[in-house]
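These are the residues of each chain, in order.
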Amino acid sequence: MKPYLDLDVVRRLQTFVEQEYATQTVFPPQEDLFTAFRLCPPEQARVLILGQDPYFKAGQAHGLSFSVRPGVSIPPSLRNVYKELREDLGVTPPANGDLTPWAADGVLLLNAIMTVRAGKAGTHAKKGWEHFTDAAIHALNAFDRRVVFVLWGSYARKKAELVTNPQHVVIEAGHPSPMNPAGFLGSRPFSQIDAALAEAGLPPVHWA
C-alpha cells in the first residue's frame, strides 16, 4: 500500500484516531482496528467486500465489514447477505454473524472508513481513512492475479473507478440494508464471485 499513500495524510489520520480513542468511545475496539488486514493481508486476498464504516453500537464492530462477534444479534444487512447466500448457492448460513472464516479464506472484509464514534454513523468520514483504504484498493488492483471486487451500495460502487486492471472483476449491487428495497436480493453475488475465481484458476470461497 505504501506507494499509494500520502504519508502526511496518514500522519494526520493517526493523530486524529489516537485522540478519538483517548477521549471518545470509538468502535471497533482499538485492538481490533486492523483485524481485516491481520486475517487477510492484501497479498493473500482473492476477494474484497467493501463496507462503508463500522457498526456504531456497543459490541458489534470487530474490524471486519458486515461482521459481528459470536453471540451478537445478526444485524439486518447481514441477515440479507445470509438470505442471498442461501438463495444463491443453497448454502446454510453460519449460525452467528462472525465472518472471520471468510476473512481467513481470502476475503478482505474492509470498511472504507475504519472507525466510528459510538452511536454516530459516519463521524470519522473525511478524516483520512478513505485515502488509506483507497490505497488498499490500488494495491489490489496492481496485482497480476485476479481479485474480485464486491461493491454493494452507492458508496462502495463509487470505488469501481479505482479498479483499472482488466484481469480483475467488479461485482456491483445495491446495499443489503433492508432500507434498500431493491437492488441486492436476487443479485446472486456469491455464485458470480466463485465463477470469476474459477475462470482465473482460483478455488471458490468456503462460504459455509
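Residues numbered from 1 in each chain as written. Predicted model: local features only at pLDDT ≥ 70, side-chain atom pairs only at ≥ 80, totals over all residues. Heavy atoms only, no water.

Engineer: Describe in detail the pattern of salt bridges, supporting the description with residues and values.
Structural biologist: This structure, assessed with the given rule, holds eight salt bridges. Measuring nitrogen to oxygen at the nearest pair gives 2.5 Å for the salt bridge that ties Asp8 to Arg11. Placement of both Asp8 and Arg11 in helix H1 (residues 7-23) is noted, with a separation of three residues, approximately one turn of the helix. Residue class for Arg11 comes out partly exposed when judged on its relative accessible area of 48%. (Salt bridge = Lys/Arg side-chain N within 4 Å of Asp/Glu carboxyl O. Helix = DSSP H or I, 4+ residues; strand = E, 2+ residues; numbered from the N terminus. Buried < 20%, exposed > 50% of the residue type's maximum accessible area, 1.4 Å probe, protein only.)

Engineer: Can you lay out the sheet that holds strand S5 (residues 148-152) for me, pointing to particular residues and giving the numbers?
Structural biologist: Sheet architecture is open: four strands sit in the order S3-S2-S5-S6, paired in parallel fashion. In the strand order of this sheet, the two ends are held by strand S3 (107-111) and strand S6 (169-173), each with one partner. The average undirected angle you get between the axes of adjacent strands in this sheet is 20 degrees. As defined by bridge partners, strand S2 (residues 47-51) adjoins S5 across four bridges and the pair is classed as parallel. Bridged to Leu50 within S5 is Leu151. The strands that helix H5 (residues 129-142) touches are S2, S3 and S5; relative to S3, the one it contacts most, it runs at about 155 degrees. (Pairing = 2+ DSSP bridges. Axes fitted to C-alpha atoms, helices over the stretch in contact; angles between N-to-C directions. Contact = heavy atoms within 4.5 Å.)

Engineer: Could you give an account of the pairing of S2, with specific residues and numbers?
Structural biologist: Among the five residues that make up S2, five are buried, leaving the element largely enclosed by the rest of the structure. Both faces of S2 are covered, namely the face carrying Val47, Ile49 and Gly51 and the face carrying Leu48 and Leu50.

Engineer: Talk me through the packing of aromatic side chains; I want residue IDs and the actual numbers.
Structural biologist: Under the criterion given, the structure shown has 11 aromatic pairs. Residues Phe37 and Phe132 carry aromatic rings whose centres are separated by 6.1 Å and whose planes lie at 85 degrees to one another, so their mutual orientation is edge-to-face. Of the two residues, Phe37 sits in helix H2 (residues 35-39) while Phe132 sits in helix H5, which places them 95 residues apart along the sequence. Judged by relative accessible area, which is 13%, Phe37 ranks as buried. (Phe/Tyr/Trp six-rings, centres within 6.5 Å; stacked < 30°, edge-to-face > 60°.)

Engineer: Can you lay out the environment of Glu172 for me, pointing to particular residues and giving the numbers?
Structural biologist: Note on placement: Glu172 falls in strand S6. Ignoring any residue separated from it by four or fewer positions in sequence, one finds Glu172 in contact with Leu151, Arg157 and Ala160. In terms of polar contacts, Glu172 uses its side chain to reach the side chain of Arg157, at 2.8 Å. (Polar contact = N/O pair within 3.5 Å; in protein donor to acceptor, adjacent residues only side chain to side chain.)

Engineer: Can you lay out the layout of surface pockets for me, pointing to particular residues and giving the numbers?
Structural biologist: The volume enclosed by the largest pocket comes to roughly 590 Å³. In terms of lining residues, the largest pocket is bounded by 24 residues, among which Asp53, Pro54, Tyr55, Ser77 and His175 are the most central. Partitioning the lining of the largest pocket into residue classes produces 11 nonpolar, 11 polar and two charged. In this structure, the second largest pocket spans a volume of roughly 170 Å³. With six residues, the top contributor of residues to the lining of the second largest pocket is H1. (1 Å grid on protein atoms, 1.4 Å probe; cavity = no way out; pocket = protein on both sides within 12 Å on 5 of 7 lines; lining within 4 Å. Points joined across faces, edges and corners; volume = space filled by probe spheres on them. Nonpolar A, V, L, I, M, F, W, Y, C, P; charged D, E, K, R; others polar.)

Engineer: Account for unusual backbone geometry, with residues named and values stated.
Structural biologist: The step from Phe27 to Pro28 runs through a cis peptide bond, and the omega angle for that step is -5 degrees. Within the secondary structure layout, Pro28 lies in the loop between strand S1 (26-27) and H2. Even without being a glycine, Lys126 presents a positive backbone phi close to 60 degrees. Tracing the chain through its elements places Lys126 in the loop between strand S4 (116-117) and H5.

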